[in-house]
Amino acid sequence: MSTDSGRPASSEPALMDWFREQGSALVGFSGGVDSTYLAAVALDALGAGSVLAVIGRSASYPEVQWENAIALAHRIGLPLLEVVTDEMNDPRYAANPSNRCYFCKSELWTRLIPVARERGLAVIVDGTNADDIGGHRPGRQAASEREVRSPLAELGFGKDEIRRLSRARGLPSWSQPASPCLSSRIPYGTAITAERLARVERAEAALRRVGVTGDLRVRDHDDLARIEMPAESLAGWIDPDRAVVLAVAVREAGFARVSLDLRGFRSGSLNILGGVATP
Amino acid sequence: MSAGGGAALGHALLARGIRASVEARGSLAVLLPLSDPEAFADAAVRDQVLALAREHGFTHVAVELLGAPRVSGTNAP
C-alpha cells in the first residue's frame, strides 16, 4: 500500500518495533506535532522507565511553545528533562548564516549525548519526518554527525500521517501549526540577539491577543516588522480600521514600522528572501 | 534590488491604477499606499501587485500599515 506521495505506507507497529529493538531512547522534544507523536509511541513501546524526553531551552524557543510542551508531557505521562542550550553565545550561530541550524543542533545534540550516556539510554532520536528530507535542512547534518536517529523519516512517516495518527491517539498536538524557533524570523546575515528574539516574540504574542489566528510570523527587518498571516485572513485585517490594531500591537512590541505581507504566510519565507530557496 | 527597481515597480503599479510609493529592501518591496489602502483587501488586486513585483525582481511584497503615528528613528536592538 502506498501513500499519496508514492512512499510505502508506514505503520505504527513498525515504529513500536523499532523502539523495542533499541531498548531505550532519549527523545529530543519540542512539543511539536512530530516529537510529541514520536515520544508518545516510544513511551508506549518502552515504558516510562526507558524513555526520557528532553527539551533544549534557549532564547530562540518561544515561551508559549515551552509551556505547551510541558503541559503535553504531563498529559501523556512522559518523563521530561529540560536542558539549557547556549547557541546564542556561539558567534557562528549568532552571525545567522544560512546554515545557522547546523550550529544550533550541534549545540543541542552535544548537550544531550552526555545525558543519554549517564542514564544508559541506547539511542537519541529526533522528530524529523519523511517530508523533511530534502530542502534546506542544515540541522540534519548535525544530527547525522552525532548519530542521532530519525525513525519517523527512516520509516517513511509523512506529516499528514503523523497528524492522523496523533489524532487517533488523542494527542492535542495533532492540529498544531508548525512552530519553528524564533531565529527563523530574522533574515540571514542579520545578527541574532536575545533582544531581537524577544521583540518578535512580543510582537507575535500581541497579534495573537488582538485575534490573529493560524500560521503567524513577524519577520524582523530591523526597524520594519513584516507580518505574515494566513492568506485567507488578509482581507479582514488589511481594512484600515483593523490594520491600525495590528500596527499599534507590533509597535508597542518595539518595532518602529509595521507592514503586512501581501502573499501571506509562507513557510521558509526567509530562505527565499535570502536566496537559499527559489520562490 | 535597487531603489531604481522600486521606482519602476511604482510606475508599473500606477499604470494599473494603484498609487503607492515603493521602498526596495533587497528582494522585499515595501509599499506605502498613497490612496485607497482598502484596495489591497481584494485578492485580485493583491495577485496583480504580486505578479508585477515578481516581474520587477522582488520575491516579497508588504504593505506598510499606518493609522497610528510612526515612531521616529529605529528600534533595532
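We now turn to the structure provided with this report. Keep in mind that what you see is a predicted model, and the values were worked out from it rather than measured.

So, about the overall build of chain B. Counting secondary structure elements, chain B contains two helices and three strands. Helices and strands in chain B line up, N terminus first, as α-β-β-α-β. Across the 77 residues in chain B, those meeting the buried criterion constitute 38%. Of the contacts made within chain B by residues no fewer than 6 positions apart, 52% connect residues no fewer than 24 positions apart.

Attention now goes to helix α5 (residues 100-118) of chain A. All names here are of chain A. With 19 residues, α5 extends 29 Å between its outermost C-alpha atoms, agreeing within 8% with the 27 Å of an ideal straight helix rising 1.5 Å per residue. Those residues of α5 lying buried are R100, Y102, F103, C104, S106, E107, L108, W109, L112, V115 and A116. Summarising the contacts, the buried residues of α5 are in contact with β1 (25-28), β2 (51-57), β3 (80-84), α4 (91-94), β4 (123-125) and α6 (139-145).

Time to look at the interface of chain A and chain B. Of the residues lining the interface, 35 residues belong to chain A; the matching set on chain B comes to 30 residues. Interface area for chain A against chain B, summed over the two sides, is near 2,800 Å², with a carbon-plus-sulfur share of 63%. Looking at the side of chain A facing chain B, the largest losses of area belong to R251, R257 and L262 of chain A, adding up to 26% of the total buried there. Our count for the contact surface shared by chain A and chain B stands at three salt bridges. With a shortest N-O distance of 2.6 Å, R257 of chain A and E23 of chain B are connected by a salt bridge. Our count for the contact surface shared by chain A and chain B stands at ten residue pairs in polar contact (both at pLDDT 80 or more). Elements with a minimum of two residues in the side of chain A that touches chain B: α9 (194-209), β6 (224-228), α10 (234-238), α11 (240-253), β7 (257-261) and α12 (269-273) of chain A. Considering every element that reaches the side of chain A that touches chain B, the biggest residue donor is α11 of chain A, with seven residues. A class-by-class count of the residues in the side of chain A that touches chain B yields 20 nonpolar, four polar and eleven charged. Sheet topology places β7 of chain A next to strand β3 (residues 60-64) of chain B; three bridges connect them, and they run antiparallel.

All names here are of chain A. Contact geometry for helix α2 (residues 33-46) and helix α8 (residues 159-168): axes closest at 10 Å, N-to-C directions at 55°. If you check the angle between α2 and α8, you find them oblique. Handedness of the α2/α8 crossing: left-handed. Contact residues: V33, D34 and Y37 in α2; K159, I162, R163, L165 and S166 in α8. Residues that form the contact of α2 with α8 fall into these classes: four nonpolar, one polar and three charged.

What follows is about the packing of α9 of chain A against α11 of chain A. Residues and elements named next belong to chain A. Look at α9 against α11: their axes get within 8 Å of each other, and the N-to-C directions meet at 150°. For the element pair α9 / α11, the angle class is roughly antiparallel. Crossing angle aside, the handedness with which α9 passes α11 is right-handed. Taking contact as the criterion, the partners of R199, R202, A203, A206 and L207 in α9 are, on α11, L246, A249, V250 and A253.

The subject of this paragraph is the side chain of R257 of chain A. Positionally, R257 of chain A belongs in strand β7. At 2.6 Å, the side chain of R257 of chain A forms a polar contact with the side chain of E23 of chain B.

All names here are of chain A. In this model, α11 (14 residues) spans 20 Å end to end at C-alpha, consistent with the 20 Å of a helix rising 1.5 Å per residue. For α11, the full list of buried residues reads A243, L246, A247, A249, V250, R251 and A253. Packed against the buried residues of α11 are α9, β6, α10 and β7. A distance of 3.0 Å separates the backbone nitrogen of D241 from a side-chain oxygen at the start of α11, and that oxygen is part of D239. Of the residues one or two after α11, G254 is the one with positive phi, at around 125°.

Our next topic: the packing of aromatic side chains. Residue and element names in this part refer to chain A. Scanning all chains against the criterion turns up three aromatic pairs over all chains. Geometrically, the ring pair formed by W18 and F19 is edge-to-face, given 5.2 Å between the ring centres and 90° between the ring planes. What makes W18 buried here is its relative accessible area of 8%. Overall, the relative accessible area of 0% leaves F19 in the buried class. Look at Y37 and F157: their rings are 6.1 Å apart centre to centre, the planes differ by 45°, and that puts the pair in the tilted class. Of this pair, Y37 sits in helix α2 while F157 sits in the loop between α7 (151-154) and α8; the two residues are 120 residues apart in sequence, bridging distant segments of the chain.

Our next topic: the side chain of N96 of chain A. Residue and element names in this part refer to chain A. Here N96 shows up in the loop between α4 and α5. Among the polar contacts made by the side chain of N96, one reaches the main-chain carbonyl oxygen of T190 at a distance of 3.0 Å. In contact with N96, other than residues within four places in its own chain, are I186, P187, Y188, G189, T190 and I192.

Definitions and cut-offs
Residues numbered from 1 in each chain as written. Chains lettered and ligands numbered in written order. Predicted model: local features only at pLDDT ≥ 70, side-chain atom pairs only at ≥ 80, totals over all residues. Heavy atoms only, no water. Helix = DSSP H or I, 4+ residues; strand = E, 2+ residues; numbered from the N terminus. Buried < 20%, exposed > 50% of the residue type's maximum accessible area, 1.4 Å probe, protein only. Contact = heavy atoms within 4.5 Å. Expected span 1.5 Å × (residues − 1). Buried area = accessible area lost by both parts, 1.4 Å probe. Salt bridge = Lys/Arg side-chain N within 4 Å of Asp/Glu carboxyl O. Polar contact = N/O pair within 3.5 Å; in protein donor to acceptor, adjacent residues only side chain to side chain. Nonpolar A, V, L, I, M, F, W, Y, C, P; charged D, E, K, R; others polar. Pairing = 2+ DSSP bridges. Axes fitted to C-alpha atoms, helices over the stretch in contact; angles between N-to-C directions. Parallel < 35°, antiparallel > 145°, perpendicular 65-115°, else oblique. Left-handed = near helix turned anticlockwise from the far one by under 90°. Phe/Tyr/Trp six-rings, centres within 6.5 Å; stacked < 30°, edge-to-face > 60°.

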